[in-house]
Structure formats: structure tokens, C-alpha cells
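Below are the chains, spelled out letter by letter.
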There are 2 protein chains.
Amino acid sequence: MSHLQERKPFGQCTPALLASFSTIVGPEHVLTPSTLAADEYARYGRDHTEDLYFQPDVVLRPANADEVSRIMRLCHEYRIPVTPRGAGTGLSGGALPAHGGVVLSTERLNRIIQIDERNLQATVEPGVVNEAFQNAVKEVGLFYPPDPASKGSCFLGGNLAHSSGGPKAVKYGTTRDYVLNLEVVLPTGEIIWTAANTLKNSTGYNLTQLMVGSEGTLGIITKVVFRLLPFPQQNILMLVPFRQEEQAAEAVAAVFRTGIIPSGMEFMEREAIAWSSEYLQIPLTLPDDIRAHLLIELDGQDLDQLYKEAELVYGVLEHYDVGDILLADTATQKDELWRIRRNIGNAVRYNSVYKEEDTVVPRAELPTLLKGVKEIGARYGFKSVCYGHAGDGNLHVNIIRGELTDEQWNVGLRQPISEIFELCVKLGGTISGEHGIGLVQKPYIGIALKETNLALMRGIKQVFDPHGILNPDKIF
Amino acid sequence: MSHLQERKPFGQCTPALLASFSTIVGPEHVLTPSTLAADEYARYGRDHTEDLYFQPDVVLRPANADEVSRIMRLCHEYRIPVTPRGAGTGLSGGALPAHGGVVLSTERLNRIIQIDERNLQATVEPGVVNEAFQNAVKEVGLFYPPDPASKGSCFLGGNLAHSSGGPKAVKYGTTRDYVLNLEVVLPTGEIIWTAANTLKNSTGYNLTQLMVGSEGTLGIITKVVFRLLPFPQQNILMLVPFRQEEQAAEAVAAVFRTGIIPSGMEFMEREAIAWSSEYLQIPLTLPDDIRAHLLIELDGQDLDQLYKEAELVYGVLEHYDVGDILLADTATQKDELWRIRRNIGNAVRYNSVYKEEDTVVPRAELPTLLKGVKEIGARYGFKSVCYGHAGDGNLHVNIIRGELTDEQWNVGLRQPISEIFELCVKLGGTISGEHGIGLVQKPYIGIALKETNLALMRGIKQVFDPHGILNPDKIF
């Protein structure tokens, strides 16, 4: 890509610029270290990635696309780095202002603009919390499936940045599968809609899917049109204990071969479920010989039908060395089981600093991946807690800091993490399923993508962001 | 996009170049007017778009990605335009060699390389016929849903070029929803894989979805990894006659509000079904007062469940002025009904040259679109036959040439077609749902996309194809 320009050095957030920002968003929405308590300001320099911190020069909280556009025009002109930020629940450092400059918070872009019951669609702003959106559409009988573990706090805009999944992705797909159209402010300040509000579209290149998963490097999403589904009224949830981890992983592919597509198929190794139930103080019987669990959910409109499917699932599980299967009886019990699953990350974080690797492989390769991760851990002397969306082949590998030295933690882990990622690629997989590359996986991107792929991506970045100001140096 | 270079004039297919092509693909796979009967050669200059014809300088039939790569390196060096071609069933002129040069036929890239039953995936080449692939995976209990009307002859590569849909798209999505990974030869001759063989991927920009729907302008797909589903073993098919076209269109959105997602929801106005059944010589009772039909299919693994759903659908239909509903009793009857639906395009073509507009709007806006199309037709004095995927809001408007003069046909229709497309956009829709823009919709692209969107697309094209040789001047 010889026509790519060398990037000029970034500009500074001068007092004059700060005054201009103040005119655009109002002085109360221009936050600096001198206007906000230190700990509150520091919040904008962190996310949920390890213990990383970068201080922004200024935090801006625009209220609409027009304000975002005016901010971007200034930043484009003055070469100010801009890092878009949702709720800061990311796990790859994508929202960290690694070059300082502006953090552009979407917290005030938080309206559910329309729920269109005639067309099973909704138009929302990116600062809406995932669960708030789910609940709003559920009230009118509709269903927005993507449900990351952090659904109670994460923003839809962040979900779009990484095409977040969650347990239901196995049946319903990830965030990208629900996006019809996006209003985007480009790094130059221009405002576009990427597509149309239709289920099908064969009108030019797919800018919508190019934006989704681009981790805030190509534009700032200011409105989203989602498609929705009818809400599935019934579900069955079962917790299946296995005496061998790899058998749990093997059973996953076997269930799919019955023709059933579960709405959840979650893998948790012993420590994942033990740490989380303890963290939440939810008592759970965990016999000594149990090494892993599958949490299997079936959903639909008809309970009789689900019981038939559950029988088929039981038929598959009989062939494995399983303990007593717990069939959740009540809504409370279901809620507790899902809370345990969703809080594993929090429980691990409570126990130790950790690095989370978001490995993903074709579903049936999961036992091989799991075995490989443990073998690499044993060889390099680190402990990992593994869990994740087994139905998607998406295994979250949490590497526990424990007693590792700074040197071991910051440098020594590079080689084993590379080996884990190389194993993923060898198995037909890649290095992130739903968390993105951001800052912390960037050193490993070359394992997943060839130089030609990266050159194409850099070329695309250059087309959208000629001065390279938007979330600079993320992904590649 | 000031950094875009002016495109140099295209080069010529000199005898020396033809000799080089011959070395790459073998002399028997270099076709020219002097080596092939005129009518056979002419086939490579046509598709199913109106009666358009462009003669290529040479047709090449490579056997693998390596040969495609070597062809592209030469064409890149000598600035030869290359038009990739599948089965030539396209309806927007995307495969027509409008600048002459090379037609690169994928007819020999026709292997089903692997059907991976463990992972519910398949790896295929782009020259495989859609229906042949469907049948191959069905044999092992798997399901590849996208089924364009031309499924018996169209290639999967062409389906990828436009993200083809078909009747099942309403429940199962279009081609793009089944693509995990693509092997692509870039216009420069480099070979990449766009992603990984995983259900989820958050590793860099989504080059896969950028390729799908790019109508052969960004690269030549040489292998595809598709995800598959378990084959739905049961289905119910009903043909519902309506006494008013718009009521048929209205009933569509009402069915979805019950919570049922049909696997087919097809609209056919009276003449569409009448012409097709006559063309196929399949007798069909068509009372004088019936103006339109919906063909509704429900599918799943459990017949009892489908009958419950059918009762709910009947409950909705009771509120409309419908005739006797035909519930297909046998596989033969189902097959006949689907053949009638699929052959409407052929029946129209048999009756007259026609222009097909692939209009698409949010589902509930279909009655307004249909009414608008008829009103515009009445005002400008042309006849149209309308049918299509009502569940997706995707209405195929066939404008019949009939007695129109050359002037009326070639020039006079531009204004009414523009008005139809403007109506689509006003209703939240766009100008192509699944046929693409290609050559014939290109004059209208500005109705759907703003100049900023087009500039981004041109910039992306420039990144992939710096000399602009691949399917030049299509889309924009």
C-alpha cells in the first residue's frame, strides 16, 4: 500500500480547542482533571482489561450526532486522537485512550428512539445499556438476543464495536446479525447512514458489517436500527456435571448432531463455577469427582416441544460419564444458574489480576483446544480458568496472575499466549471470537492474519480516517 | 478522496498475452471467437438481464486459485479488464463484460471439497450449482438454506456476489448469513483467506462480509466455508388466495406478529401465478375475483408443532377477505406450487422482454410500495407483474416491454423507475434486496446512497484494485 501517507504527529488539546469543545457540547460536558474528582476522571482511562490505565487529556460527552460531527471536524483539522467509549466493560483495551487526546463518551446518547412493532425493528442510540434494551423490547413481546455477560452495564455501542455475543449467540448469532442500518459520524465529521432499514440489501458494499467489529477505528456510531425477533416464551435450563473436562467439550458437538440447536451451551470448568458460586454466595453442590459442567438451555414458544428436545439431549448425555443432571425448576433457580455463569469473569477478577484470552475454534475442536491450553499452562507454569460458549467453540481462557512476577506476567507470558493462539489457528480458529483485538491482543494479530490482510485493513482505515485520529493504533 | 488516482486506459489482449493465458490454464480453456461456435461464445457475453450483450475478447476457465492468481497478476500488470462469471443467471448485468477483456469463468471451480459433519460446515468452490450443494448436504442430514429461484442452475459464487436470498431468507437469512470464510484472489493476484472457520470472529475488519455482495469488483472467490444447519424434516405449505392485493401484503406483517417465523412467505399477484402455471402447464383453479396469493411455508422438526403454528396462521387469515386456502397434501403438490413460484421470472421472460426491479422495504411497508408501483405504472403507461419475498419486504417488479417503443423502453422508463426507487427509500428501503446493482441499476445508485457513501466505496475499491481492472464500472 505504497500510497499510504506517513501519519503526522498528533496535535495538542490547547485551551482554544477546549473552548471550542465547550461551545459544542456545553461546559458541563467537557471533563478534565481540573473539573472532576481524580477517581471519577480516572474511570475514563480504564476498562475491564487487566489493570491498564491511560489518562485522557479531556473527556467529551456529546448529546447527538451533530455534536459528534462538530467534534470530529475539529479533531480531524487539528490531528487530535479520539477514543470512543461506551460503558468501559471491554476486555481487550479497545476503549483505552492509549495516545491521550479526547475520550468521546457515548453515555448521553442513551435514547431508545423507536420500537417498531409493525416491522419488528428498533432504532436506538449507542449509549443504551444492553439489558435495558432487551427489557424494553420484551415488554412488547419482542426479543433482542445478544446478551454478553456484562449485559447489565455494557452499552450497545460497545457490543457493536466487537460484535459481542454471549450465551445465546449459539442459536441466535452475535450483535452483527441484528444490525440493519447504522448512523455513523466519520473521522472527518461527515455523517452517513450505512444501509437501509431492510432485512435484505444488495446495494453497494456492506459498510454496515465493516463498521461492526471495527472497534471504533472507522467511525462513531450514533444510531442503530436493529431487527428483532418474537420473544421465545418458554425455556428449559439444565446443569450437567461431567467427570472429565474433555468429555464435556465432546458432548457439545454430539448434541448439535441430533438436529437441536440449544439457545445456550456453556462450558465451565470446575474452578470457574466454584469461584463464581462462592463469589455470589449461591450454594452449589459440587462433588469431588466433577471436573466441568455444561449449562444447556433450550428455548421456544411451546413447552411440550422443549421437553421432547430435552429428552433427545438426555439421550446424548447418557453416553458420557456425567453426574446428576440438575433441571432448573423455577425462574429463581434459572436466574441463579445464569448469574453464576455470567459472574465467572467478576469472580476471577475478585481473586486475582488476570489476562483473558478469547479463543475460538470450530465447535468440534474444542476438546483439542482445551487440552492444548492446559498442556501449555503446565509447561510454562501458569494456572488458567477456562469457560465460555462451547456451542460456538468460543473458550475464554483466564490466565491467573497469582504469584507470577512482573517479568513473568508482562514478558514471560507472551510465548505461551502465542502458542495458544497458534493452536487456535491450526485448528481452523482465530484469536478473538467476541472481545476484539483492541490494544492487548494487537501483538498477536499476525498469528491470525497475513500481512496482505493487514495491508487491506490499513488501506480501508486510511480511506475512512486519512489522518489516523480515530482510536489510533488499535487492532493493527 | 483526493488521493484516488485517475485510471489509466485499459490494455489490449495481445497474442502474447493470450499465449501466456494458454500456458496458465491450458489451450483448451482459452476460448476466443475463433475457437468456439458463435452461439456458444455469445453465451459468455449474456446473462439473464433483459437482452443485453457484450462480447469478451477472451474467456478463461481456470481450474484453481493458483491459476486465477497467475491470470490476475498478468491482467494487473497489463491493465486488462476482468469480469468474473458464474452461471450467468444474474438479473442486474453484473457478469457482463461491459469493457470486453477477459471473462473469467468459474465453471471448472466446481468441487464440493469437504462436508464437515462434526462441525456442521462445508468447504466448496464457487462454481458449484446451488441445488447440487443443497442436495449434497441434505444427504447427510444438513441444510443450506439460501435458495434463489434459479437454484437449479445458478452458482454459489454468483450467490455470494449479490448475497442472494430466495424464499427461505425470511426465516434463515441470505447467503451472507452462511459464509464463515472465503479464499479470495485479489485483483493484484495475491491470495488471502478473509477470516477463520468459526461461528464468531472479532479479529480485525470483516473482509468476509465486504466481499459478499461486492459483485465481483473486489476479488475473485475461489473457496468458501459455509456453516450449515440441521435439515428441518417437516414442512407445511399453504396457498392463500386474496381478493385484494393490498390485503395480501398486509397479512404478511400480521402473521409475524403471532410470534411465528414462516420459512416462506411469498407474494404473487394474479398475473404472476397465472402466467407461471400456464408456462409450466400446471392446471390451477383461479377464480375471477382473486387478485393475489400468499404462499406460506412452515418448517421444523416436529409435524404436530407445525400444525399448531398453521392454526395460528389460519386465525390471522380469517381477518382478511380470502378465498379457499389450499393446504398442499403431498410432496408432489408442494413441489408443483414451488415450481410455479420459482418459474414466474421464466414465464415473464417467455412472454416478453422485461426489466426486473428488485425493490425492498421494511416488511410492513409492502402494501404502500405495491400501491405506489401500480400508481406509477398507470401514470406512465406501463404494465408490471409483481411478486416476491413478502416476508422480507422484497418485491420483484417486472416491467413488461409489451408494445413499448425503443424510445419508451430505453429512455422513457428512467423517470418512473427512479420514482419507484425514490418511494422505496422514502419507506426506509433501498433499490436492491438480492439482485445487486451491477450494470443496469447503476444509474439509480445515487437514489439509495449519498455521495459520501459512494466515495467510501470507491476508496475501498481503490485499496483492493488499484488499477480498477476487476469488473470495472459496476455498482458505482
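Residues numbered from 1 in each chain as written. Chains lettered and ligands numbered in written order. Predicted model: local features only at pLDDT ≥ 70, side-chain atom pairs only at ≥ 80, totals over all residues. Heavy atoms only, no water.

**Student:** Give a detailed account of the overall build of chain A, specifying residues and quantitative values.
**Tutor:** On a plain count of helices and strands, chain A comes out with 17 helices and 18 strands. In summary, chain A has a C-alpha radius of gyration of 23 Å against a globular reference of 23 Å for 476 residues, a match within 12%. Summarising its shape, the C-alpha atoms of chain A cover approximately 70 × 60 × 45 Å along the three principal directions. Within chain A, contacts between residues at least 6 apart in sequence are counted, and of these 74% link residues at least 24 apart. When the accessible surface of chain A is summed, it comes to about 17,300 Å², and 47% of that surface belongs to carbon and sulfur atoms. Within chain A, the 58 negative side-chain charges are centred at a point lying 5 Å from the centre of the 44 positive side-chain charges. (Helix = DSSP H or I, 4+ residues; strand = E, 2+ residues; numbered from the N terminus. Rg over C-alpha atoms; globule rule 2.2 N^0.38 Å. Contact = heavy atoms within 4.5 Å. Areas by Shrake-Rupley, 256 points an atom, 1.4 Å probe, with all protein chains shown as cover. Lys, Arg positive; Asp, Glu negative; His and termini not counted. Charge placed at Lys NZ, Arg CZ, Asp CG, Glu CD.)

**Student:** Give me empty space enclosed by the protein: which residues, what numbers.
**Tutor:** The tally for this structure, following the rule as stated, stands at three cavities of 30 Å³ or more. When its volume is computed, the largest cavity comes out at roughly 40 Å³. What lines the largest cavity is Asn119(A), Gln121(A), Asn197(A), Thr198(A), Leu199(A), Val361(B), Pro362(B), Arg363(B) and Asp392(B). Counted by class, the lining of the largest cavity contains three nonpolar, four polar and two charged residues. (1 Å grid on protein atoms, 1.4 Å probe; cavity = no way out; pocket = protein on both sides within 12 Å on 5 of 7 lines; lining within 4 Å. Points joined across faces, edges and corners; volume = space filled by probe spheres on them. Nonpolar A, V, L, I, M, F, W, Y, C, P; charged D, E, K, R; others polar.)

**Student:** Describe the pairing of strand E14 (residues 292–300) of chain A, naming the residues involved and giving the relevant values.
**Tutor:** Residues and elements named next belong to chain A. The element E14 is extensively covered by neighbouring structure, given that nine of its nine residues are classed as buried. Of the two faces of E14, both are covered, the one formed by Ala292, Leu294, Ile296, Leu298 and Gly300 as well as the one formed by His293, Leu295, Glu297 and Asp299. Taken together, the nine bridges between strand E12 (residues 234–242) and E14 define a ladder with antiparallel strand orientation. Paired with Val240 across the two strands is Leu294, which belongs to E14. (Buried < 20%, exposed > 50% of the residue type's maximum accessible area, 1.4 Å probe, protein only. Pairing = 2+ DSSP bridges.)

**Student:** Would you mind going over the interface of chain B and chain A in detail, with residue names and values included?
**Tutor:** For an interface, size is often stated in terms of accessible area lost upon the parts coming together. Listed per partner, the contact involves 84 residues of chain B and 84 residues of chain A. Interface area, chain B with chain A, both sides summed: about 6,400 Å², of which 60% is carbon and sulfur. Taken as a group, Lys200(B), Ser202(B) and Tyr205(B) account for 15% of the area that chain B buries against chain A, more than any other trio of residues on that side. Our count for the contact surface shared by chain B and chain A stands at eight salt bridges. The shortest N-O distance in the salt bridge between Lys200(A) and Asp392(B) comes to 3.1 Å. At the junction of chain B with chain A, the criterion picks out 38 residue pairs in polar contact (both at pLDDT 80 or more). Only strand E9 (191–193), helix H7 (207–211), strand E11 (229–230), helix H8 (245–256), helix H10 (303–317), helix H16 (445–448) and helix H17 (451–464) of chain B provide two or more residues apiece to the side of chain B that touches chain A. (Buried area = accessible area lost by both parts, 1.4 Å probe. Salt bridge = Lys/Arg side-chain N within 4 Å of Asp/Glu carboxyl O. Polar contact = N/O pair within 3.5 Å; in protein donor to acceptor, adjacent residues only side chain to side chain.)

**Student:** So what about the sheet that holds strand E15 (residues 326–327) of chain A? Which residues, and what values?
**Tutor:** Residue and element names in this part refer to chain A. Judged by pairing direction, the sheet is antiparallel, and its seven strands sit side by side in the order E15-E12-E14-E13-E17-E18-E16 without closing on themselves. This sheet does not close on itself; its edge strands, each paired only once, are E15 and strand E16 (354–360). Contacts from helix H8 (residues 245–256) reach E12, strand E13 (264–269) and E14, with the element oriented near 170 degrees to E13. Helix-sheet contacts for helix H15 (residues 414–426) involve E16 and strand E18 (394–400), and the interaxial angle to E16 is about 15 degrees. (Axes fitted to C-alpha atoms, helices over the stretch in contact; angles between N-to-C directions.)

**Student:** Residues and numbers for the pattern of salt bridges, please.
**Tutor:** Pairing between side chains of opposite charge can happen when the charged atoms of each approach one another. All names here are of chain B. The tally for this structure, following the rule as stated, stands at 44 salt bridges over all chains. The shortest N-O distance in the salt bridge between Arg243 and Asp289 comes to 2.6 Å. Linking Arg243 in the loop between strand E12 (234–242) and H8 with Asp289 in the loop between helix H9 (270–280) and strand E14 (292–300), this pair joins segments that are 46 residues apart in sequence. Since its relative accessible area comes to 39%, Asp289 is described here as partly exposed.

**Student:** Got a sec to walk through the nonpolar core? Specific residues and values, please.
**Tutor:** Formed by 180 residues in total, the largest nonpolar core has its most connected members in Leu294(A), Phe464(A), Leu294(B) and Phe464(B). When sequence neighbours within four positions are dropped, the list of residues in contact with Leu294(A) reads Met238(A), Leu239(A), Val240(A), Phe242(A), Ala248(A), Ala251(A), Val252(A), Met265(A), Glu266(A), Phe267(A) and Ala390(A). (Core = buried A, V, L, I, M, F, W, Y, C linked by side-chain atoms within 4.5 Å.)

**Student:** Before we move on, can you summarise the domain arrangement of chain A with the specific residues and values?
**Tutor:** All names here are of chain A. Considered domain by domain, chain A is made up of domain 1 (15–107), domain 2 (112–230), domain 3 (234–342) and domain 4 (346–456). Domain 2 and domain 3 are separated by 29 Å when their C-alpha centres are compared. On the side of domain 3, 12 residues touch domain 2, which itself brings nine residues to the contact. Of the roughly 870 Å² buried at the junction of domain 2 and domain 3 (both faces included), carbon and sulfur atoms supply 52%. Ranking the residues of domain 2 by area buried against domain 3 places Pro167, Val170 and Lys171 at the top, with a combined share of 54%. Where domain 2 touches domain 3, the interface holds two salt bridges. The shortest N-O distance in the salt bridge between Asp299 and Lys171 comes to 2.7 Å. Taken together, domain 2 and domain 3 are joined by three residue pairs in polar contact (both at pLDDT 80 or more). Grouping the constituent residues of the side of domain 2 that touches domain 3 by class yields six nonpolar, no polar and three charged. (Domains from an automatic or database assignment.)

**Student:** Let's hear about the relation of the copies chain B and chain A: which residues, and what values?
**Tutor:** Once chain B has been moved 0.0 Å along the axis and rotated by 180 degrees, it coincides with chain A to within an RMSD of 0.0 Å. Such a combination of rotation and displacement between the chain copies is what one expects of a two-fold axis. Looking at the interface residues of chain B, 100% of them are also at the interface in chain A, so both copies use one shared face. (Least-squares fit on C-alpha atoms with pLDDT ≥ 70 in both.)

**Student:** Would you mind going over the sheet that holds strand E2 (residues 58–60) of chain B in detail, with residue names and values included?
**Tutor:** Residue and element names in this part refer to chain B. What the four strands build is an open sheet, ordered E1-E2-E4-E3; its pairing is mixed. Whereas interior strands pair on both sides, the edge strands pair on one side only; in this sheet they are strand E1 (30–31) and strand E3 (82–85). Where E3 and strand E4 (residues 102–105) come together, four bridges link them in parallel fashion. Paired with Arg85 across the bridge in E4 is Ser105.

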